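Coordinate inspection notes
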Amino acid sequence: MRNLIAIIFLLPLAFVFACQSSEKLENTTNENVQEALVNIDSIQIDILGRVSLLDVSSDASLFFLIDYASNSYIIWDRDAAEITYSFEINTDKEHSGYTLRTPSFHNDSELLFGGVRGLIFYDYNGNVQRYFANEKQLFPALLYPLPSNYIYPVNFQGKEKFLFPPVKHMPYSPSEAIFYDEWRSLSVLDPERGKMEHVLPLPKDSRFFNGRAYNYSHLKSTYTVINDTLWLNLGGEDILRAYSISNDLEPIAAISLKMLDYELPESLSPENLDLNSAISYRKAMQGVKSIFAYGDDLALVYFPGYSKSQRESMNMVKDTEGMTAYQEYVTKLFESIPSRLQIISKSGEIIRDVAIPVTHKAFELIIRNEEIWVQKKENLEFEEDFIQLYRLDF
């Protein structure tokens, strides 16, 4: 299973991953960075509705989708070239409240869902196989889109547990300094005990301890689990951090990322923080949106954000034409800026950094078995009775 400059190497990488404290690495650029992604395969699925790709199986043979219009789930078999499973979730009282988190493939026969009540597993026909209830309801600290909030089974502290994006775990406001002392970047559910543990305090070298205020999108945990290593980025930082899962999430390494046309998101003075705005997810905020394994390397999907001149244009439209015109302008501008796919080694060397076509749903791109899959955006001019999935390559 399972949303960059010279490298300073003091030790070989093998030792970096065995040491007990994290080593700071810098992102460097390979001369062979390429500038284009191309479509090398496509799948057309004939279906009418608001359909989005949720996950791809580990061998890239099955595609898990949701139709928001009918609240139904679909599994497309690549070899059979057809929908082999389709079901709606039973929302009876016993099983309600388990399906707010990203559904994903759990193994060759089960799908994993998570929600405020815990975890629930379905077979491919939508039949409940088992579930683990938490003793308290697990309200997420921030709801954000796929595929950056998968739930991962991990061997943690000698037991199988499940790694969640952070759930609400404290009463403080991000305008208070204590908020950053108490914030935990992930949560771990022990299914046997039905208890949630909050783990990963903010690193002491984090910018979040500079006395400024940040919104929840700055603290958004984007992560993946590869073997025994957790790779994690916080939305307001340009650092990719690695942790040893079997060693109680001991930090292993930290890579300073170099992303094209990227600037760190701005912070606020605590007295100017709007709490209602702070708790909402900011889709257009620059930064890493998802992390995947890509062979022996890592793949990062990132949005570079708006340039200084673009931000000035946005403010001018707001001041001279009003909020409606401003919102329309920002939407069009956002859709015109390509997100990028960066392939980096686990020592921080940039191998490739390429633009993802703006016609594709970059934030929902998924990589499995070194295959890059992404859904084409819907046609907003008229309703189509199919969706298109593309396999991309360099």
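Refer to the structure presented above.
Figured I'd write up the structure that's included with this text. The structure presented is a predicted model; accordingly, all values stated were derived computationally and were not measured.

What counts and what doesn't
- Residues numbered from 1 in each chain as written.
- Predicted model: local features only at pLDDT ≥ 70, side-chain atom pairs only at ≥ 80, totals over all residues.
- Heavy atoms only, no water.
- 1 Å grid on protein atoms, 1.4 Å probe; cavity = no way out; pocket = protein on both sides within 12 Å on 5 of 7 lines; lining within 4 Å.
- Points joined across faces, edges and corners; volume = space filled by probe spheres on them.
- Nonpolar A, V, L, I, M, F, W, Y, C, P; charged D, E, K, R; others polar.
- Pairing = 2+ DSSP bridges.
- Helix = DSSP H or I, 4+ residues; strand = E, 2+ residues; numbered from the N terminus.
- Axes fitted to C-alpha atoms, helices over the stretch in contact; angles between N-to-C directions.
- Parallel < 35°, antiparallel > 145°, perpendicular 65-115°, else oblique.
- Left-handed = near helix turned anticlockwise from the far one by under 90°.
- Contact = heavy atoms within 4.5 Å.
- Polar contact = N/O pair within 3.5 Å; in protein donor to acceptor, adjacent residues only side chain to side chain.
- Phe/Tyr/Trp six-rings, centres within 6.5 Å; stacked < 30°, edge-to-face > 60°.
- Lys NZ or Arg CZ within 6 Å of the ring centre and 35° of its normal.
- Expected span 1.5 Å × (residues − 1).
- Buried < 20%, exposed > 50% of the residue type's maximum accessible area, 1.4 Å probe, protein only.
- Arc of directions from axis to C-beta.

**Things to note about empty space enclosed by the protein**
In this structure, the largest cavity occupies an estimated 60 Å³ of space. What lines the largest cavity is a set of ten residues, and nearest its centre among them are Lys220, Gly235, Met285, Val288 and Lys289. Of the residues assigned to the lining of the largest cavity, the class counts are three nonpolar, four polar and three charged.

**Some words on the sheet that holds strand β9 (residues 110-115)**
Strands sit in the order β8-β9-β10-β11 across an open sheet of four strands; the sheet is antiparallel. With one partner strand each, in any of the chains shown, β8 (104-105) and β11 (128-133) form the two edges of the open sheet. Pairing analysis gives six bridges linking β9 to strand β10 (residues 118-123), with the strands arranged antiparallel. From the neighbouring strand, Leu112 faces β10, where its bridge partner is Phe121.

**Looking at the packing of helix α4 (residues 308-321) against helix α5 (residues 323-336)**
The description of two packed helices rests on the angle between their axes and on the distance between the axes. Orientation of α4 relative to α5, taken along the N-to-C sense of each, is 155°, at an axis distance of 7 Å. Taken together, the axis directions place α4 and α5 in an arrangement best described as roughly antiparallel. Where α4 crosses over α5, the handedness of that crossing is right-handed. Taken together, the residues of α5 that come into contact with α4 (itself represented by Gln310, Ser313, Met314, Val317, Lys318 and Glu321) are Met323, Ala325, Tyr326, Tyr329, Val330 and Leu333. Of the residues in the contact of α4 with α5, the class split is eight nonpolar, two polar and two charged.

**Description of the side chain of Ser267**
Within the secondary structure, Ser267 is located in the loop between β19 (250-256) and α3 (275-278). Within polar-contact distance, the side chain of Ser267 engages the side chain of Arg212 at 3.0 Å.

**Side note on the sheet that holds strand β15 (residues 195-201)**
Strand pairing in a sheet is mediated by backbone hydrogen bonds. Such pairs are either parallel or antiparallel. Ordered by their spatial adjacency, four strands build an open sheet running β12-β13-β14-β15, and the pairing between neighbours is antiparallel. Every interior strand has two partners, whereas the edge strands, β12 (152-156) and β15, have only one. In this sheet, neighbouring strand axes are inclined to one another by 40° on average, regardless of whether the strands run parallel or antiparallel.

**Let's talk about the packing of aromatic side chains**
Under the criterion given, the structure shown has 25 aromatic pairs. Ring geometry for Tyr85 and Tyr124: centres 5.3 Å apart, planes at 70°, overall edge-to-face. Of this pair, Tyr85 sits in strand β7 (residues 82-88) while Tyr124 sits in the loop between β10 and β11; the two residues are 39 residues apart in sequence, bridging distant segments of the chain. One aromatic cluster in this structure is built from Phe64, Tyr73, Tyr85, Phe87, Phe105, Phe113, Tyr122 and Tyr124. Residue placement shows Lys318 over the ring face of Tyr326; its charged tip is 4.6 Å from the ring centre. For Arg352, the ring lying beneath its charged end belongs to Phe394, and the centroid distance is 4.5 Å.

**Digging into α5**
The terminal C-alpha atoms of α5 lie 20 Å apart, and with 14 residues this matches the ideal 20 Å at 1.5 Å per residue to within 8%. Every buried residue of α5 is accounted for by Tyr326, Val330, Leu333 and Phe334. Down the axis of α5, the buried side of the element spans an arc of 100°, and every buried residue falls inside it. Across α5 from its buried face, at more than 90 degrees, point the exposed residues Thr324 and Lys332. Looking at the packing, one finds that the buried side of α5 touches β21 (297-303) and α4.

So far we have only geometry, and geometry alone does not tell us how the molecule works.
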